[in-house]
Amino acid sequence: MALAFDEYGRPFIILKEQEQKTRLRGLEAQKANIAAGKAIARILRTSLGPKGMDKMLQSPDGDVTITNDGATILEQMDVDNQIAKLMVELSRSQDYEIGDGTTGVVVLAGALLEQAEKLLERGIHPIRVAEGYEMASRIAVEHMEKISQKFEFSITDAEPLVQTCSTTLSSKIVSRRKRDLAAIAVEAVLAVADLERKDVNLDLIKVEGKVGGKLEDTELIHGIIVDKDMSHPQMPKRIEDAKIAILTCPFEPPKPKTKHKVDIDTVEKFQTLRQQEQKYFDEMVQKCKDVGATLVICQWGFDDEANHLLMHRNLPAVRWVGGVELELIAIATGGRIVPRFQELTPEKLGRAGIVREKSFGTTKDRMLYIEQCANSRAVTIFIRGGNKMVIEETKRSIHDALCVARNLIRNNSIVYGGGSAEISCSIAVEAAADRHPGVEQYAIRSFAEALEYVPMALAENSGLQPIDTLTAVKAQQVKEKNPYCGIDCNDVGTNDMREQNVFETLIGKQQQILLATQVVKMILKIDDVITPSDF
Amino acid sequence: MAIERLLKDEATEEKGERARMASFVGAMAIADLVKTTLGPKGMDKILQSTGRGHNVTVTNDGATILKSLHIDNPAAKVLVDISKVQDDEVGDGTTSVVVLAGELLREAEKLIMSKIHPMTIIEGYRMAAECARNALLKRTTDNKEDPEKFRSDLLKIATTTLCSKILSQDKEHFAKLAVDAVLKLKGSTNLESIQIIKKAGGSLSDSFLDEGFILDKKIGIGQPKRIENARILVANTAMDTDKVKIYGARVRVDSMAKVAQIETAEKEKMREKVQKIVAHGINCFVNRQLIYNFPEELFADAGILAIEHADFDGIERLALVTGGEIASTFDNPESVKLGRCKLIEEIMIGEDKLIHFSGVDMGQACTIVLRGASSHVLDEAERSLHDALCVLSQTVNDSRVLYGGGWPEMVMTREVDELARRTPGKKSHAIEAFSRALQIIPTTIADNAGLDSAELISRLRAEHHNAASAAGIDVLSGTVGDMEKLGISEAFKVKQAVLLSATEAAEMILRVDEIISCAPRRREDRM
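Everything quoted here is computed from the prediction, not taken from an experiment.

Rules and cut-offs
- Residues numbered from 1 in each chain as written.
- Chains lettered and ligands numbered in written order.
- Predicted model: local features only at pLDDT ≥ 70, side-chain atom pairs only at ≥ 80, totals over all residues.
- Heavy atoms only, no water.
- Phe/Tyr/Trp six-rings, centres within 6.5 Å; stacked < 30°, edge-to-face > 60°.
- Helix = DSSP H or I, 4+ residues; strand = E, 2+ residues; numbered from the N terminus.
- Buried < 20%, exposed > 50% of the residue type's maximum accessible area, 1.4 Å probe, protein only.
- Contact = heavy atoms within 4.5 Å.
- Domains from an automatic or database assignment.
- Expected span 1.5 Å × (residues − 1).
- Pairing = 2+ DSSP bridges.
- Axes fitted to C-alpha atoms, helices over the stretch in contact; angles between N-to-C directions.
- Left-handed = near helix turned anticlockwise from the far one by under 90°.
- Nonpolar A, V, L, I, M, F, W, Y, C, P; charged D, E, K, R; others polar.
- Parallel < 35°, antiparallel > 145°, perpendicular 65-115°, else oblique.

(A) Fine view of the packing of aromatic side chains. Residue and element names in this part refer to chain A. Going through the model one piece at a time under the given rule, you end up with 6 aromatic pairs over all chains. With centroids separated by 5.7 Å and ring planes inclined at 65°, the aromatic side chains of Tyr 133 and Phe 447 adopt a geometry described as edge-to-face. On the criterion of sequence distance, the pair formed by Tyr 133 in helix H5 (residues 126-147) and Phe 447 in helix H13 (residues 440-451) is long-range, its members being 314 residues apart. Note on Tyr 416 and Tyr 484: the rings are 5.1 Å apart at their centroids and 70° apart in plane angle, and the pair reads as edge-to-face. Here Tyr 416, found in strand S20 (residues 413-416), pairs with Tyr 484, found in the loop between helix H15 (466-480) and helix H16 (497-500); they are 68 residues apart in sequence, far enough to count as distant. Owing to a relative accessible area of 11%, Tyr 484 belongs among the buried residues under this scheme.

Dropping the structure here:
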């Protein structure tokens, strides 16, 4: 209906070039949107759980990524459909907010959409479905709070934290070394955590990777690693009790910002200029020496002469250090970034217990380790691995583990994993549905059904009979009034998740339900899709 | 209802079985491609580049072959990647790692056909790999304490590595050369300090290891061609016009006479600089940058040998060898450390003149001069020698040694079979498959040598029923032989890296159940 009539009965066009656009309206539009959302969810469904499969993604440049991190898969998928893009956003916001559960949230949203489709076919208005979902999600979140437990750990006894992180890592390719990596992640988080404020600044944890070596060589360094070496090959490779001058000015004669020219027209001028130049270099090095620095880290380059002077005066130096790294070094060593030589004072120097250079492999690769810093609250996780893909995937996995540990420090409530929380919520939501008058009852019941999709997918991925397993677990939960029964993915023999030590953070799970519901509501409310056709 | 255009145009998506098939086929194709180069009787490949000139490379180094392939299959890319990392990390075994990974996938395909879940296979493979590694660990020999034996171990390893390469005719010669070079490094793994100079002409057996250091430069005219007891200053400084570095400085004059004056001042400055350098009491001056005619003349007058434009690596190596420091300012001659060597002379290799530093103090660097009939031969010889050097330098750090000739694979097979029998459940199929895949390496070696592999492998397996056996394939006589007596050894580190990275790669490909390829980025056609 792009043609409308104004008050005088004259027709005018609302939508320009109507015939060149494709347009879907009403139920048609909703169904198309739901189909797109479901398609995305179907792709991620097989990646769920400890036995989930990976996806191989080939970028436009031909690089290969192998991952089972939901957010990464969706981000690299090059999606064109608008609704599919919404799902990508959904997974990304879970990643930003919580850092884990990026696959689960998409699978849940897909399940909700699938259920909504059935309701729409019965002629229930999409807004009523959306409202029903909203109510159901509130019930589920409240119920989750009820079945959650406090998780006890302290800085001296980090063992429970390590176990949680290894649960997160068990679904990744690094599961072979999950225990070690989890321990590294927890140690890193605890090193930078502010336990009183219950906050962790993940920016202080730098994750660096270098191809080569084994995954076993991955280590946590209480300090900073810089991918640079000493500016002169014969400077000392190891400095103890370093006092570091952090400079953002080059070791070169100053360049005034205003345009100027120095004219040389006599021999005397030529000679004075030459002497002045030498004095400059001398003074610069002398200034650094005077304040007592034993290491110079500079953002810019040095002149060859300055380089040799530094070497000569026994002042090791590093050049071309990036801005971000410079800041991290400043934070870690407690130094100040100095923009001019004149402003160099002893108080502005950073301190580190040991600075050393280390080389790797058969190639000429060196890195600078700055350790035992004055402020020990900046750490680096240094990942080694067989190839680039493994390192990238390990980085992502470590990031997930770090996020989980951080979330536990922020809020130590947990729910048990293996689909147990979803099943328990599903039972609670279903019970609540019956008490609800109105059309929303159907929507609430559908929500309960959608919650079961996650454990179902888990069972399917683990090679179990999905329906058999799910019904058995559900019956067990109701019969024993035990909300901790889940899917026994690893074939351990028990499905009490407390015994298996499989748990997830409460906020992570709640966030999943809330985010998925929100996106589904948004998709359901769309009843007109106008796309410009190809030109 | 079908959804249109979920992904961008031209992007493709493969799911489930099809995805798995696509990656298996790709990976196996790659493995079969390099399979024929394995072992002492493996064949070479000719690679022709698509670039200008269609350069030709003849090689049987797995990493080099795979690096030059244009591959579209993502799973194949994973294999290329592991071969490259194997090259960077240990230097040898680049073919074996790909063949083993390909075989593991081939076996996995059969298991998947009989409806075993990929995750179960992965679990089995992991157990098998761990068990195989432990089996190897138990059987290693370590002769680090005994320098004599250690050296003979190294020699054996070098011979084994080289015998599958182009250098195999002169393998004893080259093995000795490589071992000597690596032992000079005294435990460092920085192969940069071993310089390889290639000069066409002569035959491969004319190649030699030089104790000192050879710099591919000419001596300036009118300067001494031979210096005994040289004191060398290694420098990195401008010896052309020494510019004023103060920003915005420029020369502006109003008469010709003044130009002349400034020119003289400039010359004076250079003369001063040269005098300062001479004041160090040196008789050889090596600079990284250019030396202009004027200072060169001054050096010649002072009887100093001046070498210009030595590249950065050359300078660093020279500093390392002679023990001098790289200087850029010359005001305090007493505190600059000078390099020393007994003799500097100009030598001729083929038609080229080179500068030879001998009798050096530190001796942590050395030069290998390769001679050969053509540049292809030289390139391949360099690659082979590089492999051997890498393996040796790694072995110096991790001195555990195994026998070669398919012996490690048979030892692993034995232990893994044992494990399969002990393990209940579907995993045992995967473990058995792992042991079958391990046997592929000796089988391929035998096949490539034109031997009856089925007969040989079964005899070998029978030998290995006895746990302490040292039996392996003796390719030269075509029988099962005692590896200890034949002196065929391999480094433990290489075998371990092959085993672990092949398993890791196979695992990574097995875990994939969907391949999504984005539309290739369009490039502007510049033609």
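That was the structure; now back to the text.
(B) Just unusual backbone geometry, in detail. The phi dihedral of Asp241(A) falls on the positive side, at around 50°, and the residue is not glycine. Along the chain, Asp241(A) falls in strand S12 (residues 238-247). One non-glycine residue, Lys115(B), lies in the positive phi region at around 65°. Residue placement: Lys115(B) occurs in the loop between helix H4 (94-113) and helix H5 (118-138).

(C) Seen up close, the side chain of Gln30(A). Tracing the backbone shows Gln30(A) in helix H1 (residues 26-45). Contact partners of Gln30(A), with chain neighbours within four places excluded, come to Leu120(A), Pro126(A), Leu524(A), Ile526(A) and Asp527(A).

(D) Focus on the domain arrangement of chain A. Splitting chain A by domain gives domain 1 (21-150 + 416-532) and domain 2 (223-375). Here the C-alpha centroids of domain 1 of chain A and domain 2 of chain A sit 54 Å apart.

(E) View of helix H6 (residues 147-162) of chain B. A rise of 1.5 Å per residue sets the reference length of H6(B), with its 16 residues, at 22 Å; its end C-alpha atoms lie 22 Å apart and thus fit the reference within 8%. Packing partners of the buried residues in H6(B) comprise helix H7 (171-184), helix H11 (375-397), strand S16 (400-403) and strand S19 (489-491) of chain B.

(F) Seen up close, the pairing of S20(A). All names here are of chain A. Burial along S20 is two-sided: Ser 413 and Val 415 and Ile 414 and Tyr 416, pointing in opposite directions, are all buried. Taken together, the 2 bridges between strand S6 (residues 149-150) and S20 define a ladder with antiparallel strand orientation. Paired with Gln 149 across the bridge in S20 is Ile 414. Bridge analysis of S20 against strand S21 (residues 503-505) gives 3 bridges, and the strand direction is antiparallel. In the strand pairing of S21, Ile 414 is matched with Thr 505.

(G) Layout of the packing of H1(A) against helix H4 (residues 102-121) of chain A. Residue and element names in this part refer to chain A. Between H1 and H4, the least distance of the axes is 8 Å, while the angle of their chain directions is 145°. Read as a crossing pair, H1 and H4 show a hand that is left-handed. Contacts between H1 and H4 pair Leu 27, Gln 30, Lys 31, Ile 34, Gly 37, Lys 38, Ile 40, Ala 41, Leu 44 and Arg 45 from the former with Thr 103, Val 106, Val 107, Gly 110, Leu 113, Glu 114, Glu 117, Leu 120 and Glu 121 from the latter. Partitioning the contact of H1 with H4 into residue classes produces 9 nonpolar, 4 polar and 6 charged.

(H) Representation of the packing of helix H8 (residues 267-290) of chain A against helix H9 (residues 304-312) of chain A. Residues and elements named next belong to chain A. In the contact formed by H8 and H9, the axes pass within 10 Å of each other and the chain directions differ by 40°. In terms of orientation, H8 and H9 fall into the oblique class. With respect to the hand of their crossing, H8 and H9 are arranged in right-handed fashion. Where H8 abuts H9, its residues Glu 277, Phe 281, Asp 282 and Val 285 lie against Glu 305, Ala 306, Leu 309 and Leu 310. For the contact of H8 with H9, a count of residues per class yields 5 nonpolar, no polar and 3 charged.

(I) Up close: the side chain of Asn407(A). All names here are of chain A. Positionally, Asn 407 belongs in helix H11 (residues 388-410). Taking the relative accessible area as the measure of exposure, Asn 407 reaches 1% and is therefore buried. With residues near it in sequence (within four places) discarded, Asn 407 still touches Ile 98, Thr 505 and Ile 507.

(J) Expanded view of the sheet that holds S6(A). Residue and element names in this part refer to chain A. Pairing in this open sheet of 3 strands is antiparallel, and the strands run S6-S20-S21 from one edge to the other. This sheet does not close on itself; its edge strands, each paired only once, are S6 and S21. Packing of helix H17 (residues 506-524) onto the sheet brings it into contact with S20 and S21, and relative to S21 it is tilted by some 70°.

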